[in-house]
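In case you want the letters, here they are:
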Amino acid sequence: MKKLILLGSVSVLLMNCNKKTETPAPTAKVDTAAVIEPVVDTLGPKSFCYMAVTGKDSVFASIDDNLGTITGKLAYKNNEKDSSKGDVTGFKSGDTLKLTYEFQSEGTKSKRDIYFIQKDNTLTEGIGDHKEEDGQSKYANEKKISYKDGQKLEPADCKVVIKALK
């Protein structure tokens, strides 16, 4: 009988030694006050459309800003002068869009610098003397560009602008 009790005690002791002590996994607390905000793409290109009408003349611009690199289309539709239509490329420096306008007018391809100040959601074209350099019309002196009398382009519906640019 002593052997049976001793054998039973040893087996109970061995079974208790083999048991794993399991601790319950910690549970994550859900913050019920947290607000899920939509993800806004701040790195992708931003598209803007502008238009200006002076008398019977109009200007249409579609601008894409990809982290300061500017591309787009521009069209001058003049009533009694030559109209032009083409592409703009360039960059943004502070609030100034420094662009090269490559356009077709009267069957001739041309290039010229065109700068705009971007303020209060409008574009104002820079006016200044130009000089011919390497087959392109460039501003003679960037410091003498005036924006006070330049054409003011206001934000416009992109459907209207894109239709005018075709």
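The structure under discussion appears in the preceding block.
Summarised in this report is the structure supplied together with it. Per chain, the residues get numbers from 1 upward, laid out in the order the sequence is written. Only residues with pLDDT of at least 70 are given local features in this predicted model, and only at 80 or more are side-chain atom pairs given and counted; all residues enter the totals for whole chains, interfaces and linings. Only hydrogens and water are set aside; all other atoms, that is, all heavy atoms of the structure, feed into the side-chain values.

With respect to the state of the cysteines
Part 1 of the argument: Two cysteine sulfur atoms form a disulfide, by the criterion used here, when they sit within 2.5 Å. Using the criterion set out here, one finds 1 disulfide in the structure.
Part 2 of the argument: Between the sulfur of cysteine 49 and that of cysteine 158 lies a disulfide, 2.1 Å long from S to S. An S-S torsion of about 110° defines the bridge between cysteine 49 and cysteine 158 as right-handed. Here cysteine 49 is found in strand 1 (residues 46-54), whereas its partner cysteine 158 is found in helix 2 (residues 158-165), with 109 residues between them in sequence. Strands are runs of DSSP state E lasting at least two residues, helices are runs of H or I lasting at least four, and both sets are numbered from the N terminus onward.

Some thoughts on the pattern of salt bridges
Part 1 of the argument: The salt bridge definition used is simple: a Lys or Arg side-chain nitrogen within 4 Å of an Asp or Glu carboxyl oxygen. The final tally for this structure, using the stated rule, is 4 salt bridges.
Part 2 of the argument: The partner of lysine 73 in a salt bridge is aspartate 87, with the nearest N and O atoms 2.7 Å apart. In this pair, lysine 73 is assigned in strand 3 (residues 69-77) and aspartate 87 in strand 4 (residues 84-93), connecting sequence segments 14 residues apart.
Part 3 of the argument: Relative accessible area decides the class of each residue, using a 1.4 Å probe on protein chains only: under 20% of the type maximum gives buried, over 50% gives exposed, and in between gives partly exposed. For aspartate 87, a relative accessible area of 37% puts it in the partly exposed group.
Part 4 of the argument: Taking the shortest distance from any N to any O, the salt bridge between lysine 131 and glutamate 133 comes out at 3.5 Å.
Part 5 of the argument: We classify lysine 131 as partly exposed; its relative accessible area is 37%.

Points about the pairing of strand 8 (residues 130-133)
Part 1 of the argument: The criterion for strand pairing is that DSSP finds at least two bridges linking the strands in question. Looking at chain direction, strand 8 and strand 9 (residues 136-139) are connected through 4 bridges and run antiparallel. Bridge assignment links lysine 131 to a residue of strand 9, and that residue is lysine 138.
Part 2 of the argument: Taken together, strand 8 and the strand that follows it, strand 9, pair antiparallel across an intervening segment of 2 residues, in which aspartate 134 is found at a positive phi of about 55°.

Some details on the packing of aromatic side chains
Working definition: an aromatic ring pair is given by the centre-to-centre distance plus the angle between the planes.
Part 1 of the argument: Note on aromatic pairs: the rings of Phe, Tyr and Trp (six-membered ring only in Trp) are paired at centre separations within 6.5 Å, and the planes decide the class, stacked below 30 degrees, edge-to-face beyond 60, tilted for the rest. Enumeration according to the criterion identifies 3 aromatic pairs in this entry.
Part 2 of the argument: A ring pair is formed by tyrosine 76 and tyrosine 101, whose centres lie 5.9 Å apart and whose planes are at 55°; its orientation type is tilted. In this pair, tyrosine 76 is assigned in strand 3 and tyrosine 101 in strand 5 (residues 96-105), connecting sequence segments 25 residues apart. Neither residue differs from the other here; tyrosine 76 and tyrosine 101 are each classed as buried.
Part 3 of the argument: Here tyrosine 101 and phenylalanine 103 contribute two aromatic rings whose centre-to-centre distance is 4.6 Å and whose plane-to-plane angle is 20°, an arrangement assigned as stacked. Accessibility assignment for this pair places tyrosine 101 and phenylalanine 103 in one class, buried.
Part 4 of the argument: The structure contains a cluster of three or more aromatic residues connected by ring pairs, namely Tyr76, Tyr101 and Phe103.

So, the nonpolar core
Part 1 of the argument: Counting 17 residues, the largest nonpolar core has Leu74, Phe116 and Leu153 as the members making the most contacts within it.
Part 2 of the argument: Elements supplying a minimum of two residues to this core: strand 1, strand 2 (57-66), strand 3, strand 5 and strand 6 (108-119).
Part 3 of the argument: When residues in this core are grouped by element, the largest group, 4 residues, is from strand 5.
Part 4 of the argument: Leave out the neighbours within four places in its chain, and leucine 74 touches Val59, Phe60, Ala61, Ser84, Lys85, Gly86, Val88, Tyr101, Ile114 and Leu165.
Part 5 of the argument: As used here, the term nonpolar core means buried Ala, Val, Leu, Ile, Met, Phe, Trp, Tyr and Cys residues forming a set that is joined through side-chain atoms within 4.5 Å. The next biggest cluster of nonpolar side chains, apart from the first, holds 6 residues, and it includes Phe60, Val161, Ala164 and Leu165. Contacts are residue-level and defined by heavy atoms, with any inter-residue pair within 4.5 Å sufficient.

Topic: the pairing of strand 3
Part 1 of the argument: Here 9 bridges tie strand 2 to strand 3, and the two strands are oriented antiparallel to one another. Bridge pairing in strand 3 places serine 62 opposite lysine 73.
Part 2 of the argument: Linking two consecutive strands that pair antiparallel, namely strand 2 and strand 3, is a turn of 2 residues; a positive phi of about 55° is found at leucine 67 within it.
Part 3 of the argument: The pairing of strand 3 with strand 4 spans 8 bridges and is antiparallel. Looking at strand 4, one finds that threonine 69 is bridged to phenylalanine 91.
Part 4 of the argument: Between strand 3 and strand 4, which follow one another and run antiparallel, lie 6 residues.

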